[in-house]
Amino acid sequence: MNAFSFLDIEREKGITMVLDKGLSPDFINDYLKVCGEYINFIKFGWGTSAVQNRDIVKEKIRNYKRYGIKSYPGGTLFEVCFSRGMFDEYLNECKELGFEAVEISNGSMDLSLEDRKNAIKMAKDEGFIVLTEVGKKNIEKDKELSIMDRINLINEDLKVGADYVIIEGRESGKSIGLFDKEGNVKLSEFETLINNVPVEKIIFEAPNKNQQVEFILKVGNDVNLGNIAYNEVISLETLRRGLRGDTFGKIQ
């Protein structure tokens, strides 16, 4: 039971995806005692899982599983493996390590729609939860994608079988996707997007507090948010529950 439980501020929905850039197993054990119940997915950022000992990666995944948290390697690692013709090896290694989900993306490479569809289907056939990502890592290339391009790709991924689609925001949350160069949400594009996709299937990367607040106020406290820093999980949870000035009195 949480402290101050008489406030009756429990919530049931809303995914929180956290970025693990190389946390240690011992740290994770203590860390999850504090906030494990508020995390749904852990992403081993970009290719970080490929520069950690296999036994350590397995141990970390087991630690997360004890709290019902699903782990997956970052999309960049998929892109490296796929570009080298090693997608089968990638899926096998993910399974052996204990990952329950994978991310299919083309943030750093050019991936044809046909290859994208086939990768989604293959991962689903292997029993993985599949998250895809829409957007480019390079700012100039990302600007070439219109909001309708993003919407069409989201709906196509979901039609093929993706479980969730992540909207690229990067770790900085600036000049990418739905964010301008200052890190503010481009509201017209955001509203167009949420009116044309099933928002419950979208995970918005929102590393910065102002973005988290905006999405919570516009969508609700059950909005799916990703790329949350490990030390910001409790802060985000207070925003979701109206326990911080930014959302106090503004959400149900």
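Here's a quick rundown of the structure. A quick note: this is a predicted structure, and the numbers were derived from the prediction, not measured. (Residues numbered from 1 in each chain as written. Predicted model: local features only at pLDDT ≥ 70, side-chain atom pairs only at ≥ 80, totals over all residues. Heavy atoms only, no water.)

### Some points on the overall build of the protein chain
Turning to step 1, where the next piece is worked out: A tally of helices and strands in the protein chain yields ten helices and eight strands.
Turning to step 2, where the next piece is worked out: The C-alpha atoms of the protein chain give 18 Å as radius of gyration, which agrees with the globular expectation for 252 residues (18 Å, within 12%).
Turning to step 3, where the next piece is worked out: Considered along the principal axes of its C-alpha atoms, the protein chain spans approximately 55 × 45 × 30 Å.
Turning to step 4, where the next piece is worked out: When burial is assessed residue by residue, the protein chain has 50% of its 252 residues classed as buried.
Turning to step 5, where the next piece is worked out: Residue pairs at least 24 apart in sequence account for 72% of intrachain contacts in the protein chain once pairs closer than 6 positions are excluded.
Turning to step 6, where the next piece is worked out: Where the 35 positive side-chain charges of the protein chain centre and where its 42 negative ones centre are 1 Å apart. (Helix = DSSP H or I, 4+ residues; strand = E, 2+ residues; numbered from the N terminus. Rg over C-alpha atoms; globule rule 2.2 N^0.38 Å. Buried < 20%, exposed > 50% of the residue type's maximum accessible area, 1.4 Å probe, protein only. Contact = heavy atoms within 4.5 Å. Lys, Arg positive; Asp, Glu negative; His and termini not counted. Charge placed at Lys NZ, Arg CZ, Asp CG, Glu CD.)

### Some details on the pairing of strand β8 (residues 225-229)
Successive side chains on a regular strand alternate, one facing one side of the sheet and the next facing the other.
Turning to step 1, where the next piece is worked out: Among the five residues that make up β8, four are buried, leaving the element largely enclosed by the rest of the structure.
Turning to step 2, where the next piece is worked out: Here three bridges tie strand β1 (residues 16-20) to β8, and the two strands are oriented parallel to one another. Its bridge partner being in β8, threonine 16 is matched across the sheet by leucine 225.
Turning to step 3, where the next piece is worked out: Since strand β7 (residues 202-205) and β8 lie parallel, the crossover through helix α9 (residues 209-219) that links them has a hand, and here it is right-handed. (Pairing = 2+ DSSP bridges. Right-handed = clockwise from strand over helix to strand, strands pointing away.)

### Digging into the packing of aromatic side chains
Turning to step 1, where the next piece is worked out: Counted under the stated rule, the structure contains 17 aromatic pairs.
Turning to step 2, where the next piece is worked out: Ring geometry for phenylalanine 41 versus tyrosine 72: centroids 6.1 Å apart, planes at 75°, classification edge-to-face. Residue phenylalanine 41 is found in strand β2 (residues 41-44), and its partner tyrosine 72 is found in strand β3 (residues 70-73); the two are separated by 31 residues along the sequence.
Turning to step 3, where the next piece is worked out: Between phenylalanine 78 and phenylalanine 82 the ring centres are 5.4 Å apart and the planes differ by 45°, which places this aromatic pair in the tilted class. Residue phenylalanine 78 and its partner phenylalanine 82 are both found in helix α3 (residues 75-83); the two are separated by four residues, about one turn of the helix. (Phe/Tyr/Trp six-rings, centres within 6.5 Å; stacked < 30°, edge-to-face > 60°.)

### Side note on the pairing of β7
Turning to step 1, where the next piece is worked out: In β7, alternate side chains face the same way, and those of Ile202 and Phe204 on one face and Ile203 and Glu205 on the other are all buried.
Turning to step 2, where the next piece is worked out: Both strand β6 (residues 164-167) and β7 contribute to a ladder of three bridges, which runs parallel. By the bridge assignment for β7, isoleucine 166 is matched with isoleucine 203.
Turning to step 3, where the next piece is worked out: Judged from the two bridges that link them, β7 and β8 form a sheet pairing that is parallel.

### Observations regarding the packing of helix α5 (residues 113-125) against helix α7 (residues 147-160)
Turning to step 1, where the next piece is worked out: Contact pair α5 / α7: the axes reach a minimum separation of 9 Å and the direction vectors enclose 40°. Considered as vectors, α5 and α7 are oriented oblique to each other. When the axes of α5 and α7 are compared, the crossing they make is right-handed. Taking contact as the criterion, the partners of Leu113, Arg116, Lys117, Ile120 and Lys121 in α5 are, on α7, Leu153, Glu156, Asp157 and Val160.
Turning to step 2, where the next piece is worked out: Its residues assigned to classes, the contact of α5 with α7 shows four nonpolar, no polar and five charged. (Axes fitted to C-alpha atoms, helices over the stretch in contact; angles between N-to-C directions. Parallel < 35°, antiparallel > 145°, perpendicular 65-115°, else oblique. Left-handed = near helix turned anticlockwise from the far one by under 90°. Nonpolar A, V, L, I, M, F, W, Y, C, P; charged D, E, K, R; others polar.)

### Let's talk about unusual backbone geometry
Turning to step 1, where the next piece is worked out: Phi at phenylalanine 4 is positive, roughly 60°, even though this residue is not glycine.
Turning to step 2, where the next piece is worked out: Within the element layout of this structure, phenylalanine 4 appears in the segment before β1.
Turning to step 3, where the next piece is worked out: For aspartate 8, which is not glycine, the phi dihedral falls at a positive 55°.
Turning to step 4, where the next piece is worked out: Within the secondary structure, aspartate 8 is located in the segment before β1.
Turning to step 5, where the next piece is worked out: Residue aspartate 8 is classed as exposed on the basis of its relative accessible area of 66%.

### Let's talk about α7
Turning to step 1, where the next piece is worked out: The end-to-end C-alpha distance of α7 is 20 Å, a good match for the 20 Å that 14 residues give at a rise of 1.5 Å each.
Turning to step 2, where the next piece is worked out: Against α5, β5 (129-134), α6 (139-143), β6, α8 (187-194) and β7 lie the buried residues of α7.
Turning to step 3, where the next piece is worked out: In the stretch just after α7, glycine 161 is the one whose phi turns positive, near 135°. (Expected span 1.5 Å × (residues − 1).)

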